[in-house]
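# Breakdown of the fold
Single-letter residue listing:
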Amino acid sequence: MSEPEEELKGEQRDSSKKKKKKKKKKKEKRLEEKEEEEEEKSEQVEQVEEEQSETVLLRGIFKVGKKSHDVLLTRTRLTWTPILPETPTGEASVLQPGVMHLQDVFAVRVKRRRAAGQQSGGAVLGVALFYCSRRGRKLEEDTLHLHNASAEHTHTWFNTLKEILSGFSSRPRYLKVFINPSSHKKEAVHIYREHVAPLFKMADIRTDITVTERKGHALSVMKECKLDEFDGVVCVGGDGSVAEMCHALVLRAQLDADTPENPVKPVLPLGIIPAGSTDVVSCSVHGVRDPVTAALHIVLGHLQQVDMCSFWSLGQLVRFGFSAMFGFGGRSLARAEKKRWMSSSRRREYALVKTLAKLSPEDCQLSFLPAKKSNSSLFRHRDQDQDPESEGEESWRTNQGLYLSISIMSIPCLSPHAPQGLAPNTSLANGSASLITVGNASRSEFIKHLKRYSSSSGLFSFSFVETHAVSAVRIRPCSLIGGSEEDSEEEGDSKTTPIIQSDGATFPWNIDGELVEISNEVLIRVHSRLITLYGEEVDEAELTSSCSCI
């Protein structure tokens, strides 16, 4: 081919490329214009909605404290500005108005002056608004008093405010309450009566209360209870009570849906009033162990979607829960359960020291299915019913060796003893669990690792500690796949000899603070946003105490 022909063909190729680029640019421009039009429309809709929500519904004069104020009410907020006389120069003083968001108001009452012993009636004094104020992570009850002696004016404001508050659909009106009177220091009933019941009454929330009499009582009631008349369920107790309640809610949803193989998301949310010794789940959704904070989250309808795990052995469901510990965590809990006569703090410290003294690794086969990192949003909303076995064996990672501790946690597990959480790399609803493995190490190195839980950094900065984001985990003790060495727990503390080797042994698991003994391998599956709790996600718990034994 001659040079002129080659140049001509080259020019033709360049021309066709330019045309394609122009077409592509035009297409992109049309798409951009279309997107801009859609954005403008959505902005206009939002603007109209905002203008409608900010339309002044009522305006009036009330006394706040000792000064008169100009008070404005919209659908979303209440503002009050002091009315001040003009200065001698004719200039009016300008002060910043007070603002209250109605989403923080949970009750409104008409204020009246009554004589001693008078139960009803009385001269109208104005309106009282009961609202939630924040003090760090704590929520506290507060009151705004609007004074006006006009009965007609006051009732107009009262009725309008009641109508607005009734429009918050997530707020409960009728709750099923379970109280465990044996939790921690047996204070659950007192905590509910003194701190929770008055707030529920103030918010016009009706309750149906069951005081549990034994372990499993709440589960048996939940199986038979007519739940369709309730707006939510409340548990007053420690981590054991919470674990039983969460398991009961998911199990009941399964029974109602007639799907025994797959977990079903419960319709009703669960409120947790902390009354235990550590209250890990409560700290994870409230940030503090405070019954008033927990009650106000329920009253205001603050909802948080939370991941859960299911635990299986030999194809049978063991239970649903948020966390599990195998090895050190399971062994220390098993020792603590034998000393129930001790106080919770002494029992915990005794078990910790005793298990450290007898520290030995567990010989097991560990397999896990890594969480999908490439498309986290898709993973977060993956089908809850998907069986991890269907992912294919090539997706699983398997290791066999000696482990001092294996933890699987679908929530951060915040507590006063571990303000950053036992699993700080996970969150309440990211669709995965944190797998934390502690390999064979010396006692002193392991204690250094444990001490890091009460600090803010370096928790996993040890060569023998590994963390993985997972969607499923399988743990199989090596006694199930061969091994004949005898249990050496009471004979010595060799750090190379596994403490579980005998055939037919049961293996202690710490599942949500409850001792569960299982004699076979365990499969743990993560289920994204399986349950709804009253509360909100927090980054860190309030540090109020620490373990003195290490």
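See the structure printed just above.
Residues numbered from 1 in each chain as written. Predicted model: local features only at pLDDT ≥ 70, side-chain atom pairs only at ≥ 80, totals over all residues. Heavy atoms only, no water.

What the rule picks out here adds up to 15 salt bridges. In this structure, the salt-bridge partner of Arg 134 is Glu 536, at a minimum N-O distance of 2.9 Å. With Arg 134 in strand β6 (residues 123-135) and Glu 536 in the segment after β21 (522-534), this residue pair connects regions lying 402 residues apart in the sequence. Judged by relative accessible area, Arg 134 falls into the partly exposed class, the value being 46%. The class of Glu 536 is partly exposed, set by a relative accessible area of 26%. The shortest N-O distance in the salt bridge between Glu 445 and Lys 448 comes to 3.4 Å. One end of the pair is Glu 445 and the other is Lys 448, both in helix α11 (residues 443-451) and three residues apart, which spans about a single turn. (Salt bridge = Lys/Arg side-chain N within 4 Å of Asp/Glu carboxyl O. Helix = DSSP H or I, 4+ residues; strand = E, 2+ residues; numbered from the N terminus. Buried < 20%, exposed > 50% of the residue type's maximum accessible area, 1.4 Å probe, protein only.)

So, on to the pairing of β21. With respect to burial, β21 is a largely interior element, twelve of its 13 residues being buried. Judged from the four bridges that link them, strand β18 (residues 465-477) and β21 form a sheet pairing that is antiparallel. The partner of Val 473 across the bridge, within β21, is Ile 524. (Pairing = 2+ DSSP bridges.)

Quick look at unusual backbone geometry now. Phi at Asp 512 takes a positive value of approximately 55°, unusual for a residue other than glycine. Structurally, Asp 512 can be placed in the loop between β19 (507-511) and β20 (514-518). By relative accessible area, which is 7% here, Asp 512 ends up buried. You will see that Arg 529, though not glycine, has its phi angle at about 50°, which is positive. Structurally, Arg 529 can be placed in strand β21. Using a relative accessible area of 25% as the deciding quantity, one classes Arg 529 as partly exposed.

Locating Met 245 in the fold gives a position in helix α5 (residues 239-257). The exposure class assigned to Met 245 is buried, which follows from its relative accessible area of 1%. Met 245 has contacts with Phe 178, Ala 218, Met 222, Val 233, Cys 235 and Leu 270, leaving out every residue within four places of it along the chain. (Contact = heavy atoms within 4.5 Å.)

A word on the packing of helix α9 (residues 344-357) against α11. The interhelical angle for the contact between α9 and α11, taken along N-to-C directions, is 150°, at an axis separation of 11 Å. What the angle tells us is that α9 and α11 run roughly antiparallel. Packed against α9, whose contacting residues are Leu 352, Leu 356 and Ala 357, the element α11 presents Arg 443, Phe 446, Ile 447 and Leu 450 at the interface. (Axes fitted to C-alpha atoms, helices over the stretch in contact; angles between N-to-C directions. Parallel < 35°, antiparallel > 145°, perpendicular 65-115°, else oblique.)

Glancing now at helix α2 (residues 151-166). Compared with the 22 Å implied by 1.5 Å per residue over 16 residues, the 22 Å span of α2 between its first and last C-alpha is a close match. For α2, the set of buried residues is Thr 154, Trp 157, Phe 158, Thr 160, Leu 161, Ile 164 and Leu 165. Where α2 is buried, its residues meet β1 (58-64), β2 (67-73), β3 (77-82), β5 (105-113) and β6. (Expected span 1.5 Å × (residues − 1).)

This paragraph deals with the side chain of Thr 355. With respect to the secondary-structure elements, Thr 355 resides in helix α9. On the basis of relative accessible area, Thr 355 is assigned to the buried category, the value being 4%. There is a polar contact of 2.6 Å between the side chain of Thr 355 and the backbone oxygen of Ala 351. Those residues in contact with Thr 355 that lie beyond four places of it in its chain are Phe 328, Arg 331, Ser 332 and Arg 335. (Polar contact = N/O pair within 3.5 Å; in protein donor to acceptor, adjacent residues only side chain to side chain.)

Below, the discussion takes up a negative patch on the surface. A cluster of acidic residues, Glu 28, Glu 32, Glu 33, Glu 35 and Glu 36, forms a negative patch at the surface. With respect to the helices and strands, the residue Glu 28 is situated in helix α1 (residues 3-53). (Patch = residues over 30% accessible without salt bridge, like charges linked within 9 Å, V, L, I, M, F, W, Y side chains within 5 Å. Areas by Shrake-Rupley, 256 points an atom, 1.4 Å probe, with all protein chains shown as cover. Lys, Arg positive; Asp, Glu negative; His and termini not counted. Charge placed at Lys NZ, Arg CZ, Asp CG, Glu CD.)

Throughout the structure, instances matching the rule amount to six aromatic pairs. Aromatic side chains Phe 462 and Phe 464 sit 5.3 Å apart centroid to centroid with 35° between the ring planes, which places their arrangement in the tilted category. Judged by relative accessible area, which is 11%, Phe 462 ranks as buried. For Phe 464, a relative accessible area of 13% corresponds to the buried category. A cation sits over an aromatic face here: Arg 474 above Trp 396, 4.4 Å from the ring centre. (Phe/Tyr/Trp six-rings, centres within 6.5 Å; stacked < 30°, edge-to-face > 60°. Lys NZ or Arg CZ within 6 Å of the ring centre and 35° of its normal.)

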